[in-house]
Protein chains: 2
Amino acid sequence: MQALKRLESTLPNDPKAAKTGTRPGGRSARVRTDMVTATLAELTEKGYDQLTVDAICHRAGVHKATVYRRWGGVDGLIADALALSADQPWPIPDTGNVDEDIQLLALEVYTTFTDPDLRTTPTALIGAALRSTLGAAALSAFFTARHQQAAEIVTRAVKRGQLPASVDPVELVRAATAPLYHRLFITGEPLDEPAAHRAAAAALLAARASLFDAAAP
Amino acid sequence: MQALKRLESTLPNDPKAAKTGTRPGGRSARVRTDMVTATLAELTEKGYDQLTVDAICHRAGVHKATVYRRWGGVDGLIADALALSADQPWPIPDTGNVDEDIQLLALEVYTTFTDPDLRTTPTALIGAALRSTLGAAALSAFFTARHQQAAEIVTRAVKRGQLPASVDPVELVRAATAPLYHRLFITGEPLDEPAAHRAAAAALLAARASLFDAAAP
DNA sequence: ATACTAATGCGACGTAGGTCGCGTTAGTTG
DNA sequence: CAACTAACGCGACCTACGTCGCATTAGTAT
């Protein structure tokens with residue numbers, strides 16, 4: 001599967017990529033965004049089970065062979081779509097109060113995957129990513145990026161003295177959001193707002209009890 | 001997909017099923033266990049990506065058409081394998097001390113998915129279940145069963161007065177194990193023993209802080 | 001502007017996944 | 001023990017996914 005290498009090197013309209021031997025001029029980039037857009041649309045409308053390369057190609061006006069060459073198949077497309085999503089930054093709460101910030105963070109995740117107007121595409125995308133090894137790898141990178149971004153909440157809180165300096169920022173963020181993803185994508189249990197609040201509160205409690213210290217407990 | 005109905009009604013060597021119009025006598029049951037066994041074997045050896053109905057059939061000595069009739073495809077087989085696993089009971093720690101019990105519970109999950117001699121089949125099975133809607137439904141039922149079984153730890157603890165009676169048993173069990181599954185199957189982050197201890201400790205802490213009360217907080 | 005070459009378009013092809021109708025086997029019923 | 005029928009075996013068949021070689025287009029370089 002040299003499609004993987006291709007996928008990594010084919011970054012979005014990245015200016016410095018122009019220096020390499022590759023040719024990320026107008027067309028390749030256009031084809032990429034078109035295909036990713038079409039993939040998300042098809043995924044949202046039909047779901048992963050009914051997702052077909054032909055349908056995506058037809059919608060994007062791109063030939064099938066091109067897709068198999070660049071992405072290797074549907075899974076590569078989903079991984080790429082997720083990689084693009086990971087690049088897009090993301091509103092991190094900053095109210096001056098950690099407890100509130102973490103609560104808002106959990107609430108944001110909750111809303112994203114619950115609000116009927118918002119949930120469809122993110123739910124379909126992450127659900128789809130869980131269905132292939134390629135997608136799973138992309139998902140891992142996606143969450144690493146998100147966790148690191150959100151960790152700033154904790155870093156700021158430590159500077160303000162609201163949390164002990166020993167706490168592992170990523171671990172706190174992870175603990176505050178993990179229960180939501182767990183319900184959504186593993187057990188399939190219903191997700192409600194109290195659950196989001198519980199997750200955030202429990203994470204803060206554990207952090208203050210030194211359970212999330214960076215050094216070994 | 002009437003294959004679904006079939007799957008539900010085709011319970012394991014269930015004596016009461018003999019009363020219905022169906023015929024769960026010797027053969028059907030044999031075919032089922034043979035196919036499930038073969039599915040797990042193939043899954044463990046080759047992984048979901050390389051899993052093929054033909055290979056499983058050849059190994060089990062069952063014809064392809066039979067599989068598509070009864071299970072509808074590979075996903076149905078995986079769902080069925082998971083349903084069988086959910087039926088098998090499971091050692092619930094009972095030391096007389098809740099903290100220890102919950103710690104052992106988390107540790108048991110950790111070991112199951114980490115020990116090189118144990119992890120392969122469970123990891124492959126749950127990973128595979130995440131890859132289809134049919135499997136996801138079976139996985140949901142699987143976790144519901146497991147959570148309810150493990151909730152006994154909490155119920156006993158409440159009787160002993162080690163935890164407030166208001167705590168939601170399932171929520172505590174879920175909180176103690178969710179972080180492990182989250183790392184394993186969603187973010188793909190490495191899982192170590194301290195993580196298991198953290199999850200258990202954090203869950204207990206939250207429960208004692210009345211964060212997991214059955215009534216709305 | 002002209003030559004160069006990645007990248008895509010194109011359509012035919014091979015093959016694996018899945019289906020269908022019918023004959024056969026093996027529990028079940030009386 | 002004999003008739004009955006649900007479930008399975010069998011093999012041909014069909015669809016659709018994925019591949020391949022070559023022609024064409026569109027960035028790139030001089």
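Described in the following lines is the structure provided in the data block. Keep in mind that what you see is a predicted model, and the values were worked out from it rather than measured. (Residues numbered from 1 in each chain as written. Chains lettered and ligands numbered in written order. Predicted model: local features only at pLDDT ≥ 70, side-chain atom pairs only at ≥ 80, totals over all residues. Heavy atoms only, no water.)

### Section: the interface of chain A and chain B
Logical step 1: The interface is formed by 27 residues belonging to chain A together with 27 residues belonging to chain B.
Logical step 2: Together, the buried faces of chain A and chain B total about 2700 Å²; carbon and sulfur atoms form 63% of this surface.
Logical step 3: The largest per-residue losses of area from chain A upon contact with chain B belong to R131, I186 and R198 of chain A, which jointly make up 23% of the total buried on that side.
Logical step 4: Across the contact surface, chain A and chain B share six salt bridges.
Logical step 5: Between E171 of chain B and R183 of chain A there is a salt bridge, and its shortest N-O distance comes to 3.5 Å.
Logical step 6: At the surface where chain A touches chain B, the tally comes to nine residue pairs in polar contact (both at pLDDT 80 or more).
Logical step 7: When contributions to the side of chain A that touches chain B are tallied by element, the ones reaching two or more residues are α8 (133-160), α9 (169-187) and α10 (193-208) of chain A.
Logical step 8: Looking at the side of chain A that touches chain B, the element that brings in the most residues is α9 of chain A, giving nine residues.
Logical step 9: Class assignment of the residues belonging to the side of chain A that touches chain B gives a composition of 14 nonpolar, six polar and seven charged. (Contact = heavy atoms within 4.5 Å. Buried area = accessible area lost by both parts, 1.4 Å probe. Salt bridge = Lys/Arg side-chain N within 4 Å of Asp/Glu carboxyl O. Polar contact = N/O pair within 3.5 Å; in protein donor to acceptor, adjacent residues only side chain to side chain. Helix = DSSP H or I, 4+ residues; strand = E, 2+ residues; numbered from the N terminus. Nonpolar A, V, L, I, M, F, W, Y, C, P; charged D, E, K, R; others polar.)

### Considering the environment of V173 of chain A
All names here are of chain A.
Logical step 1: Inspection of the secondary structure puts V173 in helix α9.
Logical step 2: Using a relative accessible area of 2% as the deciding quantity, one classes V173 as buried.
Logical step 3: In this structure, the C-alpha to C-alpha distance between V173 and V154, residues 19 residues apart in sequence, is 8.0 Å.
Logical step 4: Setting aside residues up to four positions removed in sequence, V173 forms contacts with L105, H147, A150, A151 and V154. (Buried < 20%, exposed > 50% of the residue type's maximum accessible area, 1.4 Å probe, protein only.)

### Structural notes on the protein's contact with DNA strand D
Logical step 1: In the region of DNA strand D, 23 residues are neighbours, and R30, D54 and Y68 of chain A together with T66 and R70 of chain B sit closest.
Logical step 2: Those atoms of DNA strand D that come within 4 Å of the protein belong to sugar or phosphate at a rate of 55%.
Logical step 3: Between DNA strand D and R30 of chain A there is a distance of 2.8 Å, counted from a phosphate oxygen to a side-chain nitrogen or oxygen.
Logical step 4: R69 of chain B places a polar side-chain atom, nitrogen or oxygen, 3.1 Å from a base nitrogen of DNA strand D.
Logical step 5: Within the residue set of the surface near DNA strand D, elements represented by two or more residues are α2 (26-46) and α4 (64-70) of chain A together with α2 (26-46) and α4 (64-70) of chain B.
Logical step 6: Here the surface near DNA strand D is built from residues that sort into five nonpolar, eight polar and ten charged. (Near = heavy atom within 4 Å.)

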